[in-house]
Every structure is written in structure tokens, then in C-alpha cells.
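Listed below are the residues making up each chain.
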Amino acid sequence: MFALPQLPVTNRWGIKNIIQRALRPCCAREGRGYQKPLSKGTLPSLTRPKYGLEKPPILMDVLYRGGILVPQYDLWLDPHHTRPAAFVTHAHADHMKKHGHVYASPATAAMMLARGAKRTKFHTLEWGEQVAWNGAYVSLYPAGHVLGSSQILVEGRNGQKLLYSGDFKMRESRASETIEVPQADVVVMETTFGRPRYEFPAHEEVMDDIRSWCRDAIAQKRTPVLFSYSLGKGQELLAALHGCGFPIAVHSAHAKICAVYAEHGVSFAPYDTFEEGQQLEGVLLCSKQCMRSKWWHELQRTHRLQWANVSGWALDGGHSRGFALSDHAGYSDLLEYVRLTGAKKVWTTHGFDAEFAADLRALGLDAAPLSQSKKTAPDDQLSLFAGL
Ligand SMILES: [Zn+2]
Ligand SMILES: [Zn+2]
């Protein structure tokens, strides 16, 4: 559904053409052209409201304050500092903190607990379930990033909607739910890979490369090690390497998260949990931070290791071997996400936020990096409630 043509890394037509080429196939599928949002200049005169009522409505404010704040409703989304209460999209370290009360999907709550948020009081929401919050309604939708990862939809008093993407990807994966993109007036989206050069190769191609790289290493009596995040990437590799004919060992941090996956109905073929001093026969999955540990040096002494990073940043090249498998959306998928939301205003955050916002503006959309957002609503519209 989301297959878009591979775009050139650079071309002689410049950025605008690259974007338009990326958008065209999706529009063609739906049998209509890409619609620029109506501005004063493009409103047909017959439908232009009289008496100056053509003024666009004031959209819901959203601010970056060490995390995302929706000030009208005193609502924190993925705050980086401990708050009395917050919504958390997923359990990666840059999104979860140990807040007093956390509103999250059941799998995210379980991952956070497994990662040490023992004192937090969790309130879990099923997909699409609404919770009332200081006059607004908040609900979660799958983001396709890792198991339980959520987009957060805020519906204001006047029916206006704000959508925060959290980390997301559009392709399907065995280690996450498939994304469902709700429509919204205002969108805050992550733009980690917001440059046209970040177009990921076909998923199965990358997986085939990884499988044959492991087989070749083992045939040469080497031990392949795949550096991968313990939440998401590790489980996707585990699923993809099943049936390759060699044993798979995972680091204990990976194993802890695999157990949470299993509790939520996503189980994997048998694997070993790596123990220090263990003699490895197949492939090892662990995070790159393991290179700093004592056991890594011991392992290097006893095994002929051959390692590779599994990360979207592998597209940038570099000295070490890398496989371009990402749990984030590539450039065309970021554009596709914007199109699916039907947003009137897009705020970008993470990675190439300024660059991607500039590309959207070149397409006629109202977009800016979230770091530039300011409060527009008067104070008397702010919530009188302090939250929980
Ligand atoms: Zn993440
Ligand atoms: Zn993140």
C-alpha cells in the first residue's frame, strides 16, 4: 500500500521536483490530484465568506518545552522531564520518563515497567479509546514504530484535532502493530529522516542481505553480531532470522523486551539468552553499547567477531558495516503521512525538522519546526485545571 518509487538521492531538478514526484503516485492511486490547502488567493470567489469571515480559525496551540505541551489543556506528551502526569508514546529512552501518572497503551506501560518505572501509576488505553482531559478528549492510535507505540490524538472543545505522531513508520513489521493514521487539523510529527536522501531499500532485500551476511560469517568460522535496539529492531531481527539454520542468542536486555512481547501475544521462535562466558555458535543480537562492557572484550578474546549496525543511519555510509533497516519513516513516507492526516498546520520535531518543514512549505503547506512555536491563545483560554 505504501510502496513508492525509489527516489534519486540527488537530482538536477532540485528539491521541489523530488517532493512532487514522491507525492504523485499516491494521488494517482486515489484518482485525484494533490490538493494544495486553500489559501485566500485560491478560494473560489463564490464560496468566499463575506464580512471578513474568511479569516482562518485559530488552530490549537502546541509548544516545545522539553517535551510537547498543549497549553490549552495542560497536556504533556512525551515530556523529557518528570511530570505529575503525561501521555507517553512508547518506551524508548528518549520518550519515557518516570512520571507520576502515565497514560499509554498496555504494551508501552508493560515495557516501561520492565525498564524500571516501578513507581509510576499507569492508566492504559486501548486503540481509539477516549479519555477526558481538562475539557479535551485524548486517544491513542498505533504508530507502527515498536510494539505498543502510539500516535496521540487530542480533540479540543471546538472539535478541532491535534495529532502527535510520536516515532512512527509506515511499512509493516513483525515487531509492531501496523500504523493507522487519523486525520487532524494540526500535526506534530517526527522528522528524523527528513531529507530526500533517506529512502530505505525494500525491507525484504535488507533482510536477505542480513541473512546471507550471517551465513557467510558462520561459514568462515566467525561469529556475527548484529547491533540493534533491544526494543523493536531486536525483535524484528529475531523474527526474520528464524529458520536460517543457525542458533540465535540475544542479550539479556533484548530478552527482557522479548518477554513483554510474548505477554502481549507476539512470540518468537526459540532463542538463547546470552550469558557471559558462553561459547557462541550462531549470531548474537545486542545493542551497540555492549561494546563498552567487560564481557564484550572477553568475547573478542575467545571468538572471531564480525559485527554490523542495523540502523537507518547506515544510509549515510561510514567505516563500519551497516544495514539500512529503520523503525522510522523514510522521506517519502514522511510526506505520505502528512498527506494522510490532511493537516492544515504541520509542526516538525527531531532530526531534520527545519529542512522537512521548508520542503512542506515549498509544497504550499503551512509548516514550521516545533522549536519555533509560540502561544497564540489568550491566557483566559488556558485550562484552569492543573491536571493530575
Ligand atoms: Zn523510538
Ligand atoms: Zn524517538
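Throughout, residues of each chain are indexed from 1 in the direction in which the sequence is written. Ligands are numbered from 1 and chains lettered from A, in the order in which they are written. Owing to the predicted nature of the model, reporting of local features is limited to residues with pLDDT of at least 70; listing and counting of side-chain atom pairs is limited to 80 or more, with chain, interface and lining totals taken over all residues. To get the side-chain values, take all heavy atoms of the structure and skip hydrogens and water.

Enquirer: Give me the overall build of the protein chain: which residues, what numbers.
Expert: Think of it this way: any DSSP run of H or I at least four residues long counts as a helix, any run of E at least two long counts as a strand, and we number them from the N terminus. Of regular secondary structure, the protein chain possesses eight helices and 19 strands. Every accessible area reported is derived by Shrake-Rupley at a probe size of 1.4 Å, with residue values counting cover from the shown protein chains alone. Carbon and sulfur atoms form 52% of the exposed surface of the protein chain, whose accessible area is close to 18400 Å².

Enquirer: With reference to specific residues and values, describe the packing of helix H7 (residues 331–341) against helix H8 (residues 353–362).
Expert: Packed helix pairs are characterised by how far apart their axes lie and by the angle those axes make with each other. Where H7 meets H8, the closest approach of the two axes is 12 Å, and the angle between their N-to-C directions is 55°. The angle between H7 and H8 places the two elements in the oblique class. The handedness of the crossing between H7 and H8 is right-handed. On the side of H7, the interface is formed by Tyr 331, Leu 334, Leu 335 and Val 338, while H8 contributes Phe 356, Asp 359 and Leu 360. Each residue gets one of three labels, nonpolar for Ala, Val, Leu, Ile, Met, Phe, Trp, Tyr, Cys and Pro, charged for Asp, Glu, Lys and Arg, and polar for the others, Gly among them. Split by residue class, the contact of H7 with H8 holds six nonpolar, no polar and one charged. The angle between two axes is taken between their N-to-C directions and runs from 0 to 180 degrees, where each axis is a line fitted to C-alpha atoms and a helix contributes only its stretch in contact. Roughly parallel covers angles under 35 degrees, roughly antiparallel covers those over 145, roughly perpendicular covers 65 to 115, and oblique covers all other angles. Two helices cross in a left-handed way if the nearer one is turned anticlockwise from the farther one by less than a right angle. They cross in a right-handed way if the turn is clockwise. By definition in these notes, contact holds between two residues if any of their heavy atoms fall within 4.5 Å.

Enquirer: Describe the coordination of the zinc ion (ligand 2), with residues and values.
Expert: Taken together, the protein ligands of the zinc ion (ligand 2) are Asp 94 (OD), His 95 (NE2) and Asp 167 (OD), with distances of 2.1 to 2.4 Å. Excluding water, the donors of a metal are its N, O and S neighbours within 2.8 Å, or within 3.2 Å for Na, K and Ca, and that exclusion means sites may look incomplete. Summarised as a motif, the one-chain spacing of the donors to the zinc ion (ligand 2) is D-H-x71-D. For the pair the zinc ion (ligand 2) and the zinc ion (ligand 1), the metal-to-metal distance amounts to 3.6 Å, and Asp 167 bridges them. Here the residue His 95 occupies a position in the loop between strand E4 (85–87) and strand E5 (101–104), and Asp 167 occupies one in the loop between strand E10 (161–164) and strand E11 (186–191), the gap between them amounting to 72 residues. For every residue, the accessible area (1.4 Å probe, protein chains only) is compared with the maximum for its type, and the residue is labelled buried under 20%, exposed over 50%, or partly exposed between those bounds. For His 95, a relative accessible area of 1% corresponds to the buried category.

Enquirer: A description of the packing of helix H2 (residues 106–114) against helix H5 (residues 252–263) should follow, citing residues and the corresponding values.
Expert: Their axes nearest at 10 Å, the elements H2 and H5 cross at an angle of 150°. Our classification of the angle between H2 and H5 gives roughly antiparallel. The interaxial crossing formed by H2 with H5 has right-handed handedness. Across from Ala 107, Ala 110, Met 111 and Ala 114 in H2, the residues of H5 making contact are Lys 256, Ile 257, Val 260 and Tyr 261. Residue composition of the contact of H2 with H5, by class: seven nonpolar, no polar and one charged.

Enquirer: How would you explain the coordination of the zinc ion (ligand 1) if you had to name every residue and give the values?
Expert: Those donors, His 90 (NE2), His 92 (ND1), His 145 (NE2) and Asp 167 (OD), are the protein atoms that reach the zinc ion (ligand 1), and they lie 2.2 to 2.3 Å from it. A site with four donors is called tetrahedral when every donor-metal-donor angle falls between 85 and 135 degrees; four donors are called square planar, and six octahedral, when opposite donors sit more than 155 degrees apart and all other angles fall between 65 and 115; any other arrangement is irregular. Considering all four donor atoms around the zinc ion (ligand 1), angles at the metal cover 90 to 168° and the coordination shape is irregular. When the donors of the zinc ion (ligand 1) are listed by position in the chain, the intervening gaps give H-x1-H-x52-H-x21-D.

Enquirer: Quick one: what's the story with H5, residue by residue and with numbers?
Expert: The periodicity of an α-helix, 3.6 residues per turn, causes residues three or four positions apart to be oriented the same way. For a helix, the expected span equals 1.5 Å multiplied by the residue count minus one. The end-to-end C-alpha distance of H5, which contains 12 residues, comes to 17 Å, matching closely the 16 Å that a straight helix rising 1.5 Å per residue would cover. Taken together, the buried positions of H5 are His 254, Ala 255, Ile 257, Cys 258, Val 260 and Tyr 261. For H5, the elements touching its buried residues are H2, helix H4 (233–241), strand E13 (248–250), strand E14 (272–273) and strand E15 (283–286). Once H5 finishes, Gly 265 follows within two positions and takes phi at roughly 85°, a positive value.

Enquirer: I'd love a proper account of the side chain of His 254, names of residues and values included.
Expert: Here His 254 lies in helix H5. Looking at His 254, the relative accessible area reads 1%, which means it is buried. Not counting the four nearest positions on each side in its chain, His 254 is found in contact with Ser 228, Tyr 229, Ser 230, Gly 234, Gln 235, Leu 285, Cys 286 and Ser 287.

Enquirer: Would you mind going over the pairing of E10 in detail, with residue names and values included?
Expert: Strands were regarded as paired on the criterion that DSSP finds at least two bridges between them. The pairing of strand E9 (residues 150–155) with E10 spans four bridges and is classified as antiparallel. When the bridges of E10 are listed, Leu 153 appears paired with Leu 163. As consecutive antiparallel partners, E9 and E10 are separated by five residues, and within that stretch Gly 159 has a phi angle of approximately 85°, a positive value. Here E10 runs beside E11; their pairing, made up of three bridges, is parallel. Among the inter-strand pairings, Leu 163 is bridged to a residue of E11, identified as Val 187.

On their own, these measurements won't tell you what the molecule is for.
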